[in-house]
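Coordinate inspection notes
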Amino acid sequence: MIESRIQPKSVGRIVAEPFVLSLAVVDALVVVAFIGVGLFMHAIEPWAFPAYTLRTATPFVIGWAIAAPLVGAYRRRVLESVERTFAIVAAAWVAATLIGGLIRSSALFPGGAPPAFLIVNAVLGLGFIIPWRLAVTGGHRWRSGRG
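Since this is a predicted model, take the numbers as computed values, not measurements. (Residues numbered from 1 in each chain as written. Predicted model: local features only at pLDDT ≥ 70, side-chain atom pairs only at ≥ 80, totals over all residues. Heavy atoms only, no water.)

Let's talk about the UniProt feature "transmembrane region" (unreviewed entry) in the protein
- The feature "transmembrane region" (unreviewed entry), as given by UniProt, occupies residues 20-44, 56-74, 86-103 and 115-136 in the numbering adopted here.
- A distance of 25 Å separates the end C-alpha atoms of residues 56-74, which is 84% helix and 0% strand. (UniProt positions renumbered as here; feature names shortened; annotations may be inferred. Helix = DSSP H or I, 4+ residues; strand = E, 2+ residues; numbered from the N terminus.)

Pasting the structure below:
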């Protein structure tokens, strides 16, 4: 029988590149959406100031781009376990928040990064990135017959 489902293939410990690329792009969009909601909650309409929104989100997108691969957020094993997804993605987001805070504290980006901001960013950001990545894991498990 011919298998018609598309399965991510493993390249070493990282899932095949096209899947990872699309996952990484959506991860970045989720981070930008989170920052956009944060701006909106602070009475800044992100759609009215797209350049400001992107400048505000960029440190955290960079933080995610650095942290996620380092902690293993794109490894096949993460897609096979809800618990592992939660733990790895949470660790990646906390690290991304810290890296983003360091970048945001530089003169290149607006806003600064006081500790209270980083704590709120880490906790509320989990509410965006975790559900999305749990949905990906659930979809992967369902497609592979384990969900």
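Picking up after the structure, the text goes on.
Here we look at helix 4 (residues 82-104)
- Taking 1.5 Å as the rise per residue, helix 4 with 23 residues should run 33 Å; its terminal C-alpha atoms sit 31 Å apart, in good agreement.
- If you check which residues of helix 4 are buried, you get T85, V89, A90, A92, W93, A96, T97, G100, G101 and R104. (Expected span 1.5 Å × (residues − 1). Buried < 20%, exposed > 50% of the residue type's maximum accessible area, 1.4 Å probe, protein only.)

Remarks on the packing of helix 2 (residues 50-71) against helix 4
- Orientation of helix 2 relative to helix 4, taken along the N-to-C sense of each, is 135°, at an axis distance of 7 Å. Comparing the axis directions of helix 2 and helix 4 gives the class oblique. Our pair here, helix 2 against helix 4, has a crossing hand that is right-handed. Along its contact with helix 2, which presents T56, P59, F60, I62, G63, W64, I66, A67, A68 and V71, the element helix 4 presents I88, V89, A92, W93, A95, A96, T97, I99, G100, G101, I103 and R104.
- When grouped by side-chain class, the residues that make up the contact of helix 2 with helix 4 number 16 nonpolar, 5 polar and 1 charged. (Axes fitted to C-alpha atoms, helices over the stretch in contact; angles between N-to-C directions. Parallel < 35°, antiparallel > 145°, perpendicular 65-115°, else oblique. Left-handed = near helix turned anticlockwise from the far one by under 90°. Contact = heavy atoms within 4.5 Å. Nonpolar A, V, L, I, M, F, W, Y, C, P; charged D, E, K, R; others polar.)

A look at the side chain of R104
- Mapping R104 onto the fold places it in helix 4.
- Setting aside residues no more than four positions away along its own chain, R104 makes contact with T56, P59, F60, F109, P110, G111, G112 and F117.

A few points about helix 5 (residues 115-143)
- Compared with an ideal rise of 1.5 Å per residue, which puts 29 residues at 42 Å, helix 5 spans 41 Å between its outermost C-alpha atoms and is within 8% of the ideal.
- Maximal helix bending in helix 5 amounts to about 35°, located at L126.
- Taken together, the buried positions of helix 5 are occupied by L118, N121, A122, G125, I129, I130, R133, V136, T137 and H140.
- Two residues or fewer past helix 5, G145 is found with a positive phi of approximately 80°. (Bend = angle between axes of the 7 residues up to and from the residue.)

Comments concerning the environment of V78
- The residue V78 is located in helix 3 (residues 76-79) in this model.
- Accessibility expressed as a relative area gives 3% for V78, which makes it buried.
- A C-alpha to C-alpha distance of 9.8 Å links V78 and L134, two positions 56 residues apart in sequence.

Structural notes on a nonpolar patch on the surface
- On the surface, V37, F40, M41 and W47 cluster together to form a nonpolar patch covering roughly 480 Å² of accessible area.
- Within the secondary structure, V37 is located in helix 1 (residues 17-41). (Patch = residues over 30% accessible without salt bridge, like charges linked within 9 Å, V, L, I, M, F, W, Y side chains within 5 Å. Areas by Shrake-Rupley, 256 points an atom, 1.4 Å probe, with all protein chains shown as cover. Salt bridge = Lys/Arg side-chain N within 4 Å of Asp/Glu carboxyl O.)

Digging into the packing of helix 4 against helix 5
- Where helix 4 meets helix 5, the closest approach of the two axes is 8 Å, and the angle between their N-to-C directions is 145°. For the pair helix 4 and helix 5, the sense of crossing is right-handed. On the side of helix 4, the interface is formed by V82, T85, F86, V89, A90, W93, T97, L98, G101 and R104, while helix 5 contributes F117, L118, N121, A122, G125, L126, I129, I130, R133, L134, T137 and R141.
- Among the residues making up the contact of helix 4 with helix 5, the classes are represented as 13 nonpolar, 6 polar and 3 charged.

Overview of the nonpolar core
- In terms of nonpolar packing, the biggest core is built from 23 residues, with I35, W64, A68, Y74, W93 and I129 touching the most fellow members.
- Excluding residues within four positions of it along the chain, W64 makes contact with D27, P69, Y74, V89, A92, W93, A96, I129 and R133. (Core = buried A, V, L, I, M, F, W, Y, C linked by side-chain atoms within 4.5 Å.)

Things to note about the packing of aromatic side chains
- Under the counting rule described, the total for this entry stands at 5 aromatic pairs.
- Centre to centre, the rings of F34 and W93 are 5.9 Å apart; their planes meet at 85°, and the pair counts as edge-to-face. Residue F34 is located in helix 1, and its partner W93 is located in helix 4; the two are separated by 59 residues in the primary sequence.
- Ring centres 6.4 Å apart and planes at 40° place the aromatic pair W64 and W93 in the tilted group. A residue pair is termed long-range when its members are at least 10 positions apart, and W64 in helix 2 and W93 in helix 4 qualify at 29 residues. You'll find W64 and W93 in the same group, each marked buried.
- The ring of F117 is capped by R104, whose NZ or CZ atom sits 4.4 Å from the centre of that ring. (Phe/Tyr/Trp six-rings, centres within 6.5 Å; stacked < 30°, edge-to-face > 60°. Lys NZ or Arg CZ within 6 Å of the ring centre and 35° of its normal.)

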